[in-house]
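Spelled out from the first residue to the last, the chains are:
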Amino acid sequence: MEKNKTEVLIDYNKCPPCSELVCIGVCPQGILEKGENGKPQVVDVLSCNQCGICENLCPVQAIILEPDVVLK
Ligand code: SF4
Ligand code: SF4
């Protein structure tokens with residue numbers, strides 16, 4: 001299945017992670033969860049509505065939204 005959708009990229013080299021895990025808390029779709037490394041992981045990218053909140057509120061700009069990529 002292919003679908004045009006935003007990809008949510010997290011740059012783990014930039015993400016400390018922040019103590020509040022801001023991105024996980026602010027995502028209205030709940031698609032980010034704390035992974036085993038203590039950093040956020042994308043668990044349901046197809047539910048991302050591209051609102052941009054996570055990208056805007058991450059204190060270190062570690063999240064990049066790439067719209068219209070083709071997910072396979
Ligand atoms: S763009 Fe919005 S819906 Fe998508 S991961 Fe970020 S906060 Fe969640
Ligand atoms: S908001 Fe940014 S620094 Fe904080 S956990 Fe998410 S990606 Fe990492």
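Residues numbered from 1 in each chain as written. Chains lettered and ligands numbered in written order. Predicted model: local features only at pLDDT ≥ 70, side-chain atom pairs only at ≥ 80, totals over all residues. Heavy atoms only, no water.

Caption draft 1: Seen up close, the overall build of the protein. Along the backbone of the protein there are two helices and four strands. Shown N-terminal to C-terminal, the secondary structure of the protein runs as helices and strands in the order β-α-β-β-α-β. In the protein, which comprises 72 residues, the share counted as buried stands at 32%. Pairs at least 24 residues apart make up 64% of the contacts formed inside the protein by residues separated by at least 6 positions. On the protein, roughly 4,600 Å² of surface is accessible, and the fraction owed to carbon and sulfur atoms is 48%. (Helix = DSSP H or I, 4+ residues; strand = E, 2+ residues; numbered from the N terminus. Buried < 20%, exposed > 50% of the residue type's maximum accessible area, 1.4 Å probe, protein only. Contact = heavy atoms within 4.5 Å. Areas by Shrake-Rupley, 256 points an atom, 1.4 Å probe, with all protein chains shown as cover.)

Caption draft 2: Local environment of the site of ligand 2. The full set close to ligand 2 counts 13 residues, and C15, P16, C18, C23 and C58 are the nearest of them. When grouped by side-chain class, the residues that make up the shell around ligand 2 number 13 nonpolar, no polar and no charged. (Near = heavy atom within 4 Å. Nonpolar A, V, L, I, M, F, W, Y, C, P; charged D, E, K, R; others polar.)

Caption draft 3: Region of interest: the site of ligand 1. Near ligand 1 you find C27, P28, Q29, I31, C48, N49, Q50, C51, G52, C54 and L65, and these make up its full shell. Here the shell around ligand 1 is built from residues that sort into seven nonpolar, four polar and no charged.

Caption draft 4: A look at the environment of K5. Looking at where K5 falls in the secondary structure, it is placed in strand β1 (residues 3-10). Through-space distance from the C-alpha of K5 to that of E66 is 8.4 Å; in sequence the pair is 61 residues apart.

Caption draft 5: Inspection of unusual backbone geometry at higher detail. Cis rather than trans, the peptide bond between P16 and P17 has omega equal to -5°. By secondary structure assignment, the location of P17 is in the loop between β1 and α1 (22-26). Although it is not a glycine, L21 adopts a positive phi angle of roughly 50°. Relative to the elements of secondary structure, L21 occurs in the loop between β1 and α1. We classify L21 as buried; its relative accessible area is 16%.

Caption draft 6: Expanded view of the nonpolar core. Ranked by size, the top nonpolar core spans 13 residues in total, and within it V8, C23, I31, L32, C54, I63 and L65 carry the most contacts. For I63, the contacting residues outside a window of four places in its chain are V8, L9, I10, C23, C54, E55 and C58. (Core = buried A, V, L, I, M, F, W, Y, C linked by side-chain atoms within 4.5 Å.)

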